[in-house]
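# Structural features, examined
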Amino acid sequence: GKEVSGLIEGQCYDCRQASQEVRQREEENAEWLRNILEGIGSPDRMKLEQFTPTKGTQKAYDYALKFDPNSQSVYLWGHCGSGKTHLACGIAIDQFKKGCQVIVTTPRKIIRSMRGLDGEGEERRIQRYSKIQLLILDEIGLGADTVYAVASLCEILDNRVNNQQSGVVFTSNLSLNDLAAQLKDDRLTSRINAMCDREKMESLADDGKKIDWRSRL
């Protein structure tokens, strides 16, 4: 009888099937990343390899490249536009690709997500943030932080400490001392200080002037 070729568009059936499955996984991962970073960053523009460090951000950048959510947490702080959110999102993207479960959010989004929930619903939401392998908390200290917001964040951090769970990345325009002064409460900052490394980011040009990283995106 007539021999039928097992090639389709130059590939054997199994190879073609494998290629399609790889493309599908890549598309699904890209969609997951877009959802994870929604409203905060772009997976197409905020990879770690797309960050160009300056003298004042090189140390934080090197830290981000080696970040291990199983043993490290970090507080990234510095002036607006220094690249804090870019590095935080870059860490999220990098770890997601390694199979890490990730949430990227802000304190305001956390509190909004708990509005209208009963006590049991609030507890489930708190546990979600407490147990996720990598939690990115962007823009700490931006806007009005209520007593309820501070208490909720403290509960999340206490749960993670009690479970010996690292993997929190904070970003803020404020030092911990300035954040405590703004909040008029040092409960949150004392917990951050105890669990986190601290990396100051100051993006400076050769002439010493501050660079706004956002203008490069």
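Shown above is the structure to which this text applies.
What counts as what
- Along every chain, residues carry numbers that run from 1 in the direction the sequence is written.
- Confidence filtering applies because this is a predicted model: local features only for residues at pLDDT of at least 70, side-chain atom pairs given and counted only at 80 or more, and all residues used for totals across whole chains, interfaces and linings.
- Excluding hydrogens and water, the side-chain values take into account all heavy atoms of the structure.
- The buried label goes to any residue with under 20% of its type's maximum accessible area, the exposed label to any with over 50%, and the partly exposed label to all in between, with areas taken from a 1.4 Å probe on protein chains only.
- Strands are runs of DSSP state E lasting at least two residues, helices are runs of H or I lasting at least four, and both sets are numbered from the N terminus onward.
- An arc is given here, and it is the one of the directions from the helix axis to the C-beta atoms.
- The contact rule is simple, with two residues in contact once any of their heavy atoms fall within 4.5 Å.
- Pairing between strands requires that DSSP locate at least two bridges from one strand to the other.
- Angles shown run from 0 to 180 degrees and are taken between the N-to-C directions of axes, each axis being a line fitted to C-alpha atoms and, for helices, limited to the stretch in contact.
- Pairs of N or O atoms are called polar contacts if they sit within 3.5 Å, as long as, within protein, a hydrogen donor faces a hydrogen acceptor (for residues adjacent in sequence, only side-chain-to-side-chain pairs).
- Angle categories: roughly parallel below 35 degrees, roughly antiparallel above 145, roughly perpendicular from 65 to 115, and oblique for all the rest.
- A clockwise turn of the near helix away from the far one marks a right-handed crossing, whereas an anticlockwise turn of less than a right angle marks a left-handed crossing.
- Put simply, Ala, Val, Leu, Ile, Met, Phe, Trp, Tyr, Cys and Pro go in the nonpolar bin, Asp, Glu, Lys and Arg in the charged bin, and everything else, Gly too, in the polar bin.
- Nonpolar core, defined: a set of buried Ala, Val, Leu, Ile, Met, Phe, Trp, Tyr and Cys residues in which side-chain atoms within 4.5 Å join the residues together.
- Salt bridges, as used here, are contacts in which a Lys or Arg side-chain nitrogen is within 4 Å of a carboxyl oxygen on Asp or Glu.

## Quick notes on helix α8 (residues 187–195)
Looking at α8, one finds that the buried residues are Leu188, Thr189, Ile192 and Met195. Axial view of α8: buried residues confined to an arc of 140°, hence all on one face. Those residues of α8 that are buried lie in contact with β3 (74–78), α6 (147–162), β6 (168–172), α7 (176–183) and β7 (197–201).

## Thoughts on the sheet that holds β7
What the 5 strands build is an open sheet, ordered β4-β5-β6-β3-β7; its pairing is parallel. Either end of the sheet is taken by a strand with one partner, and the two such strands are β4 (102–105) and β7. Averaged over neighbouring strand pairs, the angle between their axes works out to 10° when direction is ignored. Both β3 and β7 contribute to a ladder of 5 bridges, which runs parallel. Bridge pairing links Trp77 to Lys200 in β7. Relative to the sheet, helix α3 (residues 84–97) contacts β3, β4, β5 (134–137), β6 and β7, its axis offset from that of β6 by approximately 160°.

## Quick look at the side chain of Gln72
Note on placement: Gln72 falls in the loop between α2 (58–65) and β3. A polar contact of 2.8 Å, which involves the side chain of Gln72, links it to the backbone nitrogen of Asp68. Every residue in contact with Gln72, bar those within four places of it in the chain, is listed here: Tyr63, Lys66, Phe67, Ser166, Gly167, Val168 and Asp197.

## Points about the pairing of β5
Of the two faces of β5, the one holding Leu134 and Ile136 and the one holding Leu135 and Leu137 are both buried throughout. Relative to β5, β4 runs parallel, the two being bridged by 4 bridges. Paired with Val104 across the strands is Ile136, a residue of β5.

## What to know about the packing of α7 against α8
Contact geometry of α7 with α8 gives a least axis separation of 8 Å together with a crossing angle of 160°. Classed by the angle they form, the pair α7 and α8 counts as roughly antiparallel. At the point where α7 passes α8, the crossing takes the right-handed sense. Touching Leu176, Leu179, Ala180 and Leu183 of α7 are Leu188, Thr189, Ile192 and Asn193, all from α8. Class assignment for the residues of the contact of α7 with α8 results in 6 nonpolar, 2 polar and no charged.

## Brief notes about the environment of Gly81
Here Gly81 is to be found in the loop between β3 and α3. Taking C-alpha positions, Gly81 is 9.4 Å from Asn173, a pair spaced 92 residues apart along the chain.

## Description of the nonpolar core
Core analysis: the biggest nonpolar cluster contains 27 residues, and Tyr75, Ile110, Leu135, Leu137, Phe170, Leu188 and Ile192 have the highest contact counts within it. Elements with a contribution of two residues or more to this core: α4 (107–114), α5 (119–131), β5, α6, β6, α7 and α8. If we ignore the near neighbours within four places in the chain, the residues touching Leu137 are Thr105, Ile110, Leu153, Val168, Val169, Phe170 and Thr171. Of all hydrophobic cores here, the second largest spans 26 residues; its members include Leu48, Ile91, Val102 and Val169.

## Focus on the pattern of salt bridges
Summed over all chains, the structure comprises 6 salt bridges. The partner of Asp94 in a salt bridge is Lys98, with the nearest N and O atoms 3.3 Å apart. On the basis of relative accessible area, Lys98 is assigned to the exposed category, the value being 58%. We note a salt bridge from Arg124 to Glu120, for which the minimum N-O separation is 3.1 Å. With a gap of 4 residues between them, Arg124 and Glu120 both fall in helix α5, about one helical turn apart. For Arg124, a relative accessible area of 53% corresponds to the exposed category.

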